[in-house]
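Structure at a glance
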Amino acid sequence: MESITTSDFNALQAYLRDACGILLGNTAGDLALRRLRPVLDGYHLVSVGDLLESLGRPGRPGLKEAVVDAITLSESQWFGEEAAFTVLQDSILPEIAERKPGKRVSIWSAACATGQEPYSVAIIADEFRDRHPDVLGGIRIVATDTSRSALEVARRGHYEINPRTKEVSLGRRERYFVPLANGGWRVSPDIRALVEFRELNLLRRTLPGKFDVVICQDALVYYSAHKRKAILTRFHAALNPGGYLISGTPGLAGEIPDLFEPVECPGGTVYRKR
């Protein structure tokens, strides 16, 4: 099996830390090489050492962005973090509906990868609206990622869904997806209409407008404490008063006591804007 040399991996760790604030774990060498292989092939580079040399020279537009996209690529799955969707469905949406009856709920799915997460959020919100008619005035979901190729997949809304996948039940497939001739499935027009996809680098800027919920499941684990705090500050600024952050990042509560307060819910812990 192809492997990365110790010296190349150490140099990659140093580059990502210094240039991007990304912290690559000491056991992530093989994973990093697998994720970087398409970048190496696309730029006709043989090794990670060649890649790092190219990053230090002019004339390689987009190479740094391609490296960051590859390393931080999220594994997007339907209803992937069950606890997060349980909290959204059973705690956050009811609280927002009670606090803002008849008002639109706005949700930001940060680092959405290929789109399964924001579409799952849209389905959960639509099911909540069915069970509680007229308590929400509408649903707005903005989904962002740095990867243009991932966003292209998300916007198309075409997916392969294993019929045995319990997260996407038969009832949900029949209601929220359209079968395609090639055997795949396309997200229904009603659900696609609830989600707007945008290209966004979390380290550079926040989104215009305000949101009731920000969801960022795993992207924060790739960044240093300083960079993570900068991203969390952007999330804080993007939230309405009393808004919620849903994140699966371990140990987050201790990093943001001035920005968010942890709230224990039956499905897990979320963070409410101070």
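Rules used throughout
Going along each chain's sequence as written, the residues are numbered from 1 onward. Local features in a predicted model are, by the rule used here, given only for residues with pLDDT of at least 70; side-chain atom pairs are given and counted only at 80 or more, and totals for whole chains, interfaces and linings are based on all residues. To obtain the side-chain values, all non-hydrogen atoms of the structure were included, while hydrogens and water were left out. By convention, a stacked pair of Phe, Tyr or Trp rings (six-membered ring in the case of Trp) has centres within 6.5 Å and planes under 30 degrees apart, an edge-to-face pair has planes over 60 apart, and any other such pair is tilted. Note on conventions: DSSP H or I runs of at least 4 residues are helices, E runs of at least 2 residues are strands, and numbering of each starts at the N terminus. Classification of residues uses two cut-offs on accessible area relative to the type maximum, computed with a 1.4 Å probe and protein chains only: under 20% is buried, over 50% is exposed, and between them is partly exposed. The contact definition used throughout considers only heavy atoms, calling two residues in contact when any of these lie within 4.5 Å. Contacts described as polar in this section are N or O atom pairs within 3.5 Å, which, within protein, must combine one atom able to donate a hydrogen with one able to accept it, while residues neighboring in sequence count only if both atoms come from side chains. Confidence scores labelled pLDDT are given residue by residue by the predictor and lie between 0 and 100. A carboxyl oxygen of Asp or Glu within 4 Å of a side-chain nitrogen of Lys or Arg is what we treat as a salt bridge. In this text, buried Ala, Val, Leu, Ile, Met, Phe, Trp, Tyr and Cys residues form a nonpolar core when linked through side-chain atoms within 4.5 Å. Two strands pair under a simple rule: DSSP has to find at least two bridges between them.

1. Considering the packing of aromatic side chains
In total, this model carries 7 aromatic pairs according to the counting rule given. With 5.0 Å between their ring centres and 80 degrees between their planes, Trp78 and Tyr159 make a pair best called edge-to-face. One end of the pair, Trp78, is in the loop between helix H4 (63-71) and helix H5 (82-99); the other, Tyr159, is in strand S3 (residues 158-159), and 81 residues separate them in sequence. Here Trp78 and Tyr159 have matching classes, each one buried. With a centroid separation of 6.3 Å and 80 degrees between ring planes, the pair formed by Tyr119 and Tyr159 is classed as edge-to-face. Linking Tyr119 in helix H6 (residues 116-131) with Tyr159 in strand S3, this pair joins segments that are 40 residues apart in sequence. Across this residue pair, the class does not change: Tyr119 and Tyr159 are buried. What links up through ring pairs into an aromatic cluster is the set Trp78, Tyr119, Tyr159, Phe177 and Phe197.

2. Focus: helix H3 (residues 48-55)
Buried residues dominate H3, accounting for 6 of its 8 residues. The inward-facing, buried residues of H3 contact helix H1 (6-20), helix H2 (29-42) and H4. One side-chain oxygen of the residue at the start of H3 lies 3.3 Å from the amide nitrogen of Gly49, identifying that residue as Ser47.

3. Looking at the confidence of the model for the chain
Summing up the model confidence of the chain, the mean pLDDT is 88 and the portion of residues at 70 or higher is 97%. Put simply, H4 is where the chain has its lowest mean pLDDT, 85, and helix H9 (residues 189-192) is where it has its highest, 97.

4. With respect to the pattern of salt bridges
Taken as a whole and judged by the stated rule, the model has 13 salt bridges. Ionic pairing is found between Arg57 and Glu53, a salt bridge with its closest N-O pair at 4.0 Å. Overlapping salt bridges, with partners in common, bring together Asp126, Arg129, Asp130 and Arg175 in one network.

5. A closer look at the nonpolar core
The biggest cluster of nonpolar side chains holds 49 residues, and the ones touching the most others in it are Leu16, Leu51, Val67, Trp108 and Phe235. Going through the elements one at a time, H1, H2, H3, H4, strand S1 (104-110), strand S7 (211-215), helix H10 (225-238) and strand S8 (239-246) are the ones with two or more residues in this core. Apart from the residues lying within four places of it in its own chain, the contact partners of Phe235 are Trp108, Ala110, Leu202, Val214, Cys216, Leu245 and Phe260. Counting 44 residues, the second-largest nonpolar core is a separate cluster that includes Phe79, Phe85, Leu194 and Tyr244.

6. Describing the pairing of strand S9 (residues 260-265)
In this sheet, strand S10 (residues 268-273) lies alongside S9 in antiparallel orientation, the contact comprising 6 bridges. From the neighbouring strand, Glu264 faces S10, where its bridge partner is Thr269.

7. Section: the sheet that holds strand S5 (residues 185-187)
Strand order across the open sheet formed by 3 strands is S3-S5-S4, with antiparallel pairing between neighbours. One side of each edge strand has no neighbouring strand; the edge strands of this open sheet are S3 and strand S4 (177-179). Here 3 bridges tie S4 to S5, and the two strands are oriented antiparallel to one another. Bridge pairing links Pro179 to Trp185 in S5.

8. Overview of the environment of Gly25
Tracing the backbone shows Gly25 in the loop between H1 and H2. It is 8.8 Å that separates the C-alpha atoms of Gly25 and Tyr222, two residues lying 197 residues apart in sequence. Those residues in contact with Gly25, other than ones at most four positions away along the chain, are Phe9 and Gln13.

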